[in-house]
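# Architecture at a glance
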Amino acid sequence: MAKYTQLAEDIVDKVGGKENVKEVRHCVTRLRFYLKDESKANTEYLKKRDGVVTVMKAGGQYQVVIGNHVPEVYEEVLKVGNFAGGGEVDADDDGDKGNLFDQFIDIVSGLFQPFLGALAAAGILKGVTALLAATGVDTASGIYILMNTIGDGLFQYLPMVLAVSASKKFKMNTYTAVAIAGALVYPGLAESLTEATNIFGLNFTLPAGGYYNTVLPILLAIFVASKIEKFMKKVTPDVLKLFAVPMVTLLVTIPLTFLLVGPIANTASAWIGIAFQSIYDFSPIIYGFILGAAWQVMVMFGLHWGLVPIAILDMAQNGSSVILTAAVLPCFTQVGVLAAIYLKTKEDKVKKGVLPTLISAIFGVTEPAIYGYTLPMRTPFIISCIVSGIVGVYLSIFNVTGYAMGGMGIFLYPAYIDPATGSFHSVIHLAIGTVIAIILAFVIQMFVKVPTLYGDDETVSATEPTPSEDQPVLVSASVSDAKDQILNSPLQGNIVPLSSLDDQVFATGAMGQGVAIEPSEGLVTAPADGLVQILFPTKHAIGFITDDGVEILIHIGMDTVELEGKFYEAHVTQGDHVKAGDPLVTFDIEAIKAAGYQVTTPVIITNTQAYKDVTTTEASTVSFTDELIEVFA
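What you see is a predicted model; the values in this text were computed from it and never measured. (Residues numbered from 1 in each chain as written. Predicted model: local features only at pLDDT ≥ 70, side-chain atom pairs only at ≥ 80, totals over all residues. Heavy atoms only, no water.)

Let us now look at helix 18 (residues 425-446). Relative to the 32 Å expected for 22 residues at 1.5 Å per residue, helix 18 spans 32 Å between its end C-alpha atoms, a close match to the ideal helical length. Those residues of helix 18 that sit buried are S426, V427, H429, L430, G433, T434, A437, A441 and Q445. On an axial view of helix 18, the arc spanned by its buried residues comes to 165°, and they lie on one face. Buried positions along helix 18 lie against helix 14 (330-344) and helix 17 (379-397). (Helix = DSSP H or I, 4+ residues; strand = E, 2+ residues; numbered from the N terminus. Expected span 1.5 Å × (residues − 1). Buried < 20%, exposed > 50% of the residue type's maximum accessible area, 1.4 Å probe, protein only. Arc of directions from axis to C-beta. Contact = heavy atoms within 4.5 Å.)

Structure (structure tokens):
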């Protein structure tokens, strides 16, 4: 039996069998399957399988990450499945991507992953700002204004941040996407459009509150813009593309967004307000359950604005309101499920990330928790919604009443003290509801399996096959053979942390430690004396091993395998021995970007496990002769 036959047989079987495979390709690190039905693939098993680094789903591809041995495994997969390999993929047939709800969750949660840390930090700082106000700090003071600006800035201009990640997801020019977001959150826009009742006879309206803090409008806008931009690139002469493509994209996308998204959101919000008012008139208890359970979903879609004006009007006329009471504690049901996830998860990355989002949720800011963990895991999000509905019933039964539009999370209680009588009736029951929310959500989640979010920290269980000599070893150098070595930068440009990359295989360190470079010059040079171990046919990736045994992967750009070698030129061949600084590959940065791809280049030590430590430069920019990475045996 060939060395990788058993692994190849297992992979083909666990992706649903050869009859489920439309096509299989490979790049320098992974097998790229196009499956007829992704639900037939046993992803959990493959992630745990020795010889498989992890599994990713992106762009209609089911990607099984192997590492340095992918060419050999690929050849065996072709033999095992009797696949032709290579070829073109029908762009209109990407296989089963799941239902619309699954696709929505995958897209939205994936777009938040790159800036989840900043989102959690901003949420905590918003809580600190609320604490300052609660302890009597003047809201007109400099310290309060500064803290409020720091904590609220990211949330206020969330569409602009999402424009960046959405542009990468939908493969369009990032700066054009940011320009679209800038128009959506333009200061004073709501007042301006109110005064200008129509433009060329068309009514332009915004949802209540405008597009600040919103998620879906910008995602829809960037999705549409990506299609327009792609079309314009095809029909625009090269001499005009620089300005004509973004100009037309902006001119079409922004008015279209105002014409469709605003009116749709306004209409939907109005219907929501009428519907919930009718339910409340019929039964406050039923209203409490429905509002509590649905609130988090309504906020995601911006439909909560249908109830906010009613609550404000009720408060203004009567001095109190119960309209939004059932919706004030979902942040604590998130706290409950997050605490259970923290205790039960076996994934180190989840455990480290959940804690700051839990703190943020205590302060009433749940975006990091929802988009980073509970929504992608799905089950915790559903538990949170159901428990929120139950808590909403409790608050409705005891007629918990708000007397001011107060803070969020732990800062909401003062708003429920009756100013006329000094009664703490509502505060007491709100506190009891908080305890119910946290404990009930926590207990349910403790009895329910915590879904795997990343999977790369899992190990093969005792019931699954143990490694054998027929399975690949990802590290070729042993610790005893390893030597300290300093590697020069193979590129010139700006340093980018691996964790910021969209590709989770590189971002999570699954392939090894290293750093990424945003190149300013389209040249890759040898980082040390060594051997060109792998030169991918498309020339977008180089596997390099130094004379001292350090294995290095230089992957020029993200998903650039799809360019099939266009815009790349190799100056070496596989098997060549080169000196430090020798040119390996040149590439056209602007052409690659114009084709819709990033040129950010990970430089990875793929045999990281052979070393006690791998450190990277602290500089923000590097040149070819600068030290980039040092390995310690």
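Additional details are given in the paragraphs that follow.
Another aspect to go through is the environment of T615. Relative to the elements of secondary structure, T615 occurs in strand 16 (residues 613-616). T615 gets classed as partly exposed once you look at its relative accessible area, which sits at 29%. Placed 14 residues apart in sequence, T615 and I629 show a C-alpha to C-alpha distance of 5.7 Å. Each residue touching T615, except ones within four places of it in the same chain, is listed here: L628, I629, E630 and F632.

It is worth spelling out the sheet that holds strand 8 (residues 523-525) at this point. The three strands are arranged 8-14-12 in an open sheet whose pairing can be described as antiparallel. This sheet does not close on itself; its edge strands, each paired only once, are strand 8 and strand 12 (568-570). Sheet twist, expressed as the mean angle between neighbouring strand axes with direction ignored, is 15°. Pairing between strand 12 and strand 14 (residues 583-587): three bridges, direction antiparallel. Paired with Y568 across the strands is F587, a residue of strand 14. (Pairing = 2+ DSSP bridges. Axes fitted to C-alpha atoms, helices over the stretch in contact; angles between N-to-C directions.)

What the rule picks out here adds up to four aromatic pairs. With centroids separated by 5.5 Å and ring planes inclined at 75°, the aromatic side chains of F170 and F223 adopt a geometry described as edge-to-face. Placement of the pair is F170 in the loop between helix 7 (158-169) and helix 8 (174-184) and F223 in helix 10 (residues 216-235), with a sequence separation of 53 residues. F223 gets classed as partly exposed once you look at its relative accessible area, which sits at 36%. Taking the centre distance of 5.6 Å and the plane angle of 15° together, the rings of F363 and F411 count as stacked. Residue F363 is located in the loop between helix 15 (348-362) and helix 16 (367-377), and its partner F411 is located in the loop between helix 17 and helix 18; the two are separated by 48 residues in the primary sequence. The two residues F363 and F411 agree in class, both being buried. Across from the ring centre of Y45, 4.7 Å away, lies the NZ or CZ of K14, which sits over that ring. (Phe/Tyr/Trp six-rings, centres within 6.5 Å; stacked < 30°, edge-to-face > 60°. Lys NZ or Arg CZ within 6 Å of the ring centre and 35° of its normal.)

To continue, consider the pattern of salt bridges. Going through the model one piece at a time under the given rule, you end up with eight salt bridges. Between R49 and D10 there is a salt bridge, with its nearest N and O atoms 2.5 Å apart. Of the two residues, R49 is situated in the loop between helix 2 (43-48) and strand 3 (54-58) and D10 in helix 1 (residues 5-14); the sequence distance between them amounts to 39 residues. Look at R49 and you get buried, because its relative accessible area is 4%. Take D10: its relative accessible area is 15%, and that puts it in the buried class. Taking the shortest distance from any N to any O, the salt bridge between R32 and D559 comes out at 3.7 Å. Taken together, the residues span a long stretch of sequence, with R32 in strand 2 (residues 30-35) and D559 in the loop between strand 11 (551-555) and strand 12 at a distance of 527 residues. Judged by its relative accessible area of 4%, R32 falls in the buried class. When salt bridges with common partners are traced through the structure, they connect E44, K48 and K449 into a single cluster. (Salt bridge = Lys/Arg side-chain N within 4 Å of Asp/Glu carboxyl O.)

Right, let's get into unusual backbone geometry. Although it is not a glycine, K539 sits at a positive phi angle of roughly 65°. Looking at the secondary structure, you find K539 in the loop between strand 9 (530-535) and strand 10 (541-546). Positive phi, close to 55°, is recorded for E564, a residue that is not glycine.

Turning our attention to the packing of helix 17 against helix 18. Closest axis-to-axis distance for the helix 17/helix 18 pair is 9 Å, and the angle between their directions is 150°. In this view, helix 17 runs roughly antiparallel relative to helix 18, as classed from their interaxial angle. For the element pair helix 17 and helix 18, the recorded crossing hand is right-handed. Every residue of helix 18 that contacts helix 17 at T379, P380, I383, V387, I390, V391, Y394 and L395 is listed here: H429, L430, I432, G433, I436, A437, L440, A441, I444 and Q445. Residue classes in the contact of helix 17 with helix 18 are distributed as 14 nonpolar, four polar and no charged. (Parallel < 35°, antiparallel > 145°, perpendicular 65-115°, else oblique. Left-handed = near helix turned anticlockwise from the far one by under 90°. Nonpolar A, V, L, I, M, F, W, Y, C, P; charged D, E, K, R; others polar.)

Moving on, we get to helix 6 (residues 142-156). If you check helix 6, its first and last C-alpha atoms are 19 Å apart, about what 15 residues at 1.5 Å a residue would give, namely 21 Å. Along its length, helix 6 reaches its greatest deviation from straightness, about 35°, at I150. Those residues of helix 6 that fall on the buried side of the exposure criterion are Y144, M147, G151, L154 and F155. (Bend = angle between axes of the 7 residues up to and from the residue.)

A surface patch of nonpolar side chains, amounting to about 1000 Å² of accessible area, comprises V239, L240, L242, F243, M247, L251, V252, L256, L260 and I264. Along the chain, the position of V252 falls in helix 11 (residues 241-282). We classify V252 as partly exposed; its relative accessible area is 37%. (Patch = residues over 30% accessible without salt bridge, like charges linked within 9 Å, V, L, I, M, F, W, Y side chains within 5 Å. Areas by Shrake-Rupley, 256 points an atom, 1.4 Å probe, with all protein chains shown as cover.)

Attention now goes to the sheet that holds strand 10. Spatial strand order, 13-9-10-11-15-7-6-17: eight strands in an open sheet with antiparallel pairing. Every interior strand has two partners, whereas the edge strands, strand 13 (577-578) and strand 17 (621-622), have only one. Sheet topology places strand 10 next to strand 11; five bridges connect them, and they run antiparallel. Bridged to F544 within strand 11 is I552.

Moving on, we get to the environment of L162. Positionally, L162 belongs in helix 7. Accessibility expressed as a relative area gives 0% for L162, which makes it buried.

This part covers the side chain of T333. Looking at the element boundaries, T333 is found in helix 14. Judged by its relative accessible area of 0%, T333 is buried. Polar contacts involving the side chain of T333 include one to the side chain of S388, which spans 3.0 Å. Filtering out sequence-adjacent residues up to four positions away, T333 remains in contact with Q296, S384, V387, S388, A437 and A441. (Polar contact = N/O pair within 3.5 Å; in protein donor to acceptor, adjacent residues only side chain to side chain.)

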